[in-house]
Structures are given as C-alpha cells and as structure tokens.
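# Descriptive analysis of the structure
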Amino acid sequence: GLIRNIWNVSDGDTMFDSACEDQVASGMGAWRVNVAYSSDTAFEQDIKIEGIRNPFCLYSDPACHDPLKRDARYWVLTTRISRTKYEQRWPKADVVDFEEDAEFDDFDNDEDWADEDNVRIVEYWYREPVKKTLNLLSDGSTVDSADTESMAAAQVQGLQVVRSREVNSDRIRMCIASGDAILEEADWVGKEFPFILIYGENFVIDGKQNWFGLTRFAKDAQKAYNYSRTLATETVALAPQAKWWTTGTQAQGNTDKWAEAHKKNYPFLVYNPDPQAPGPPVRMQGADVPMALIQEMNIASEDIKSVTGIFDSSLGRQSNETSGVAIRARQEQGEVAVFNYTDNASKGVRRTWEILIDLIPKVYDTTRAVRILGVDGAEKYVK
C-alpha cells in the first residue's frame, strides 16, 4: 500500500509512459528512485520516483550480466544544469565542463556537450568494499558488531555471542563531479542502486551487447515508402497543369477567360463554333502517377506491418479479416510480436518494487502517519 502511494504521489504513470515511449522508439527507457525531505520545514524524508529525460545519459556497468543490472558495480548519470544553479549549489567550485570524449559523442554533439549557458555534471554511483563482523546471538538472531546499540540491547537482555565471522560486504556511495573536481559525496541508504533500465530488444552478438527498439528494422521499409511516395508527389507537382486544346476560331475573343480558367471557378466558358473542329474545346489531362509507384508504396506499407508485427486489425482498423475469429487471431499475432516490450517494462516495475522494499524500512524510520493505497485505489492512513 505504501509503494502504491509512492508511485501515485510521484506521478509514476507519466514517468512510466515516457520511459516506455523511449523503449519502443529508441530501444531504451529509464527512471530512478530518489529520497528527499518531505518539506522545507521537516526532517522526515520521503521516497519518490523520478523520470530520466534522456536514457542515453545513463551508463551501467558493462560487466554485469543480469538483464535488470542487479549485479552492476557502478552507474554513471550525466546531467546538464544551468550555470546559475551550479553556482548557487556549489559557490566555491569552479565552473568546469567535461572535455569531449569519444564515449559520449554517440549521444551528445559538441554544441550540447559544451555551451555557454549550461554545465555538464556527472553522478557516479559505485559499490565500496566493506568488511564487517557478524555476531550470532544465543537467541538465533544476528547482529553486526559495529551496531553498538543492538549489541548493548542484547547484553541487557542477557544474550550471548555464540559465534562470529568476517563478512566481505559493500556499501553504495555516490559522488557528484564536474570536469575537474568532486563537488559532493554521500552514502546511499539502500543496498540497491536506484536506477531502473529497460530495453526493447537486447541481444549479445559477437560478444557485444546490441539493443534496439520496435522501429529499428522497419527503417528500410519506411525509406522505401518515403522514396516512392516522394516520387509520386513530384510526378504530380511537376506535371504541366491541365490545359485546353482549342482552335484559334474557338478561342477568339475569349482568351482572357480561358487564361484564368485554371485558377478561377467560372460557372461556364464561352467558345466560338468552328466548322473545322466540331464540338467544344478538349481538355488535356495532367500526367498520371505511374502504377509502379502506387504498387511500391503498397508493398512498402505492408513490409512495415510485417516487420513490426502490427497490422491494421491490431490498431482497430478495418482489414481483410471479416470473421470475429480471424480478427482476434490477427490481434493476438500483433500482441505476441510486441509482447517483449510490455514484458520488459513490467520487469522494470518489479525491479522498482524491489528497490522500494529495501528502502522503506530505512527511510521511514521514525513514527509518522502515512497514506497507503489499496488495489482499488482506496486510501487510508496508518501509523
């Protein structure tokens, strides 16, 4: 119930929709979990979920194997902020940008990387190895020997240390850096990194990770469609406007009206009968669009549907299917073709819940009344 409330207060639906759009269009979407004071007059902190505007500015440990990056040793998030905000937050620090680097050129061009009004900073999150001594008490509970309060409470209760062992653990730390200095450092309260990264399709090819969105392999078909559509438009645009075949006798005295007939809607046009050319003047039609271009557009359009797996019936449009069974079969085909996108997005939500379950006991560590939401959205306050 508390997690649903955190999601609701953070406007998680909007954040999630934006990440899914990035996932489908560009192959990657991301968001994060953060902790902030509940107000300017309080000491209590709240957990909130925040979107990441540009997922290409989030870099994870390339050595991790878990699809949701649970085993990552570090994360890097680059951000641009205004010089005014930079100077207000770190008044004693020099304003120094990062130098251009080939690693970032894929996603940031020179103008965006260094401009006069903004400064690029980086958040570097990493695991720091820590050794601790774990004590097994006579009642079966375990306590860290460095936790003096818990050890003192155990002694008051008459509990004895039955066994001890050394544990190689780690803690998560974060630092914010500019181009030449570390601006601030902090320990993260949780044991999980607060970043969630979801992919569209994700494969390892020749030892290198490859990820892409729904539109990647539809690009060639789209180019073919654009090319044939452009040629058809140019054919019509460059063709001479429709004209009239007339003899000099038929047009004599009426040339002014005939000269404006292509741009003015005259109710009738007058002509002079010509015995040498019985009947009225003949209209010369404009050039026809070649049928080959029409056919190529249709083929390219169908190629796009075949590559993406999304056909007309999947979008609720009229298609070739007529029976209800056939329509449902085609709709299910479209759902299967893009199932991995919704599945990966739902795994990202599950990963968010894992992070929140770890954070909640550590952040909500003082007595307070919190709002919780039920599955149906009903709210109540609990202590």
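Residues numbered from 1 in each chain as written. Predicted model: local features only at pLDDT ≥ 70, side-chain atom pairs only at ≥ 80, totals over all residues. Heavy atoms only, no water.

What follows covers a negative patch on the surface. On the surface, a cluster of negative charge is made up of Asp11, Asp13, Asp17 and Glu21. Position of aspartate 17 relative to the elements: it lies in helix H2 (residues 12-26). On the basis of relative accessible area, aspartate 17 is assigned to the partly exposed category, the value being 44%. (Patch = residues over 30% accessible without salt bridge, like charges linked within 9 Å, V, L, I, M, F, W, Y side chains within 5 Å. Areas by Shrake-Rupley, 256 points an atom, 1.4 Å probe, with all protein chains shown as cover. Salt bridge = Lys/Arg side-chain N within 4 Å of Asp/Glu carboxyl O. Lys, Arg positive; Asp, Glu negative; His and termini not counted. Charge placed at Lys NZ, Arg CZ, Asp CG, Glu CD. Helix = DSSP H or I, 4+ residues; strand = E, 2+ residues; numbered from the N terminus. Buried < 20%, exposed > 50% of the residue type's maximum accessible area, 1.4 Å probe, protein only.)

In this section: the packing of aromatic side chains. The description of an aromatic ring pair rests on the distance of the ring centres and on the angle between the ring planes. Under the criterion given, the structure shown has twelve aromatic pairs. Centroid distance tryptophan 125 to tryptophan 188: 5.3 Å. Interplanar angle 80 degrees. Geometry classified as edge-to-face. Of this pair, tryptophan 125 sits in strand E5 (residues 118-137) while tryptophan 188 sits in the loop between strand E8 (182-187) and strand E9 (195-199); the two residues are 63 residues apart in sequence, bridging distant segments of the chain. Ring geometry for phenylalanine 212 versus phenylalanine 217: centroids 4.9 Å apart, planes at 80 degrees, classification edge-to-face. (Phe/Tyr/Trp six-rings, centres within 6.5 Å; stacked < 30°, edge-to-face > 60°.)

Once that is clear, we can look at the pairing of E5. Where strand E4 (residues 74-82) meets E5, nine bridges bridge the pair, whose relative direction is antiparallel. Bridged to threonine 79 within E5 is isoleucine 121. Two strands pair when backbone bridges link them, and E5 and strand E7 (residues 161-177) are joined in this way by 16 bridges, in the antiparallel orientation. Each residue of the ladder has a partner; that of threonine 133, found in E7, is glutamate 166. Across three bridges, E5 lies against strand E6 (residues 142-144) in antiparallel orientation. Following the sheet pairing, leucine 134 is matched in E6 by aspartate 144. (Pairing = 2+ DSSP bridges.)

On to the sheet that holds strand E2 (residues 45-51), then. Strand pairs in the sheet, formed through backbone hydrogen bonds, run parallel or antiparallel to each other. Taken together, the three strands give an open sheet; going across it, the order is E2-E1-E9, and neighbouring strands pair in antiparallel fashion. Looking at which strands have only one partner, the edges of the open sheet turn out to be E2 and E9. Averaged over neighbouring strand pairs, the angle between their axes works out to 15 degrees when direction is ignored. One ladder, built from seven bridges, connects strand E1 (residues 28-37) with E2; its direction is antiparallel. Looking at E2, one finds that valine 35 is bridged to isoleucine 47. Packing against the sheet, H2 makes contact with E1, E2 and E9, and its axis sits at approximately 155 degrees to E1. (Axes fitted to C-alpha atoms, helices over the stretch in contact; angles between N-to-C directions. Contact = heavy atoms within 4.5 Å.)

With that settled, the discussion passes to the pattern of salt bridges. This structure, assessed with the given rule, holds 18 salt bridges. For glutamate 123, the salt bridge is made with arginine 32, and the minimal N-O distance between the two is 3.0 Å. Of this pair, glutamate 123 sits in strand E5 while arginine 32 sits in strand E1, and the two are 91 residues apart along the sequence. On the accessibility criterion, glutamate 123 (15% relative accessible area) is buried.

Counting 47 residues, the largest nonpolar core has Trp31, Ile47, Leu58, Trp75, Trp125 and Tyr364 as the members making the most contacts within it. If one sorts the elements of this core by residue count, helix H12 (residues 339-363) sits on top with six residues. Leave out the neighbours within four places in its chain, and isoleucine 47 touches Ile6, Ser10, Val33, Asn34, Val35, Leu356, Leu359, Ile360, Val363 and Tyr364. (Core = buried A, V, L, I, M, F, W, Y, C linked by side-chain atoms within 4.5 Å.)

Sheet faces and side chains relate simply in a regular strand, where the side chains alternate between the two faces. Along E1, seven of the ten residues are buried, which leaves the element largely enclosed by surrounding structure. Where E1 meets E9, five bridges bridge the pair, whose relative direction is antiparallel. Looking across to E9, one finds that methionine 28 is bridged to tyrosine 199.

A word on helix H7 (residues 219-238). Helix length check: H7, at 20 residues, gives a terminal C-alpha distance of 28 Å against a target of 28 Å (1.5 Å per residue), a fit within 8%. Of the residues making up H7, those classed as buried are Ala221, Ser228 and Ala232. One side of H7 carries all its buried residues, which in axial view fall inside an arc of 40 degrees. Projecting away from the buried face of H7 at angles above 90 degrees are the exposed residues Asp220, Lys223, Tyr227, Ala237 and Leu238. Against helix H10 (291-308) lie the buried residues of H7. (Expected span 1.5 Å × (residues − 1). Arc of directions from axis to C-beta.)

On average, residues of the protein chain score 84 in pLDDT, and 87% of them are at 70 or above. Across the protein chain, the secondary-structure element scoring lowest on mean pLDDT is helix H4 (residues 102-105), at 50, and the one scoring highest is E9, at 95. (pLDDT = per-residue confidence, 0-100.)

On to H2, then. The end-to-end C-alpha distance of H2, which contains 15 residues, comes to 21 Å, matching closely the 21 Å that a straight helix rising 1.5 Å per residue would cover. Within H2, the full set of buried residues consists of Gly12, Met15, Phe16, Ala19, Cys20, Asp22 and Gln23. Each buried residue of H2 sits inside an arc of 160 degrees when the element is viewed along its axis, so together they form one side. Facing away from the buried side of H2 by more than 90 degrees, the exposed set consists of Asp13, Glu21 and Ala25.

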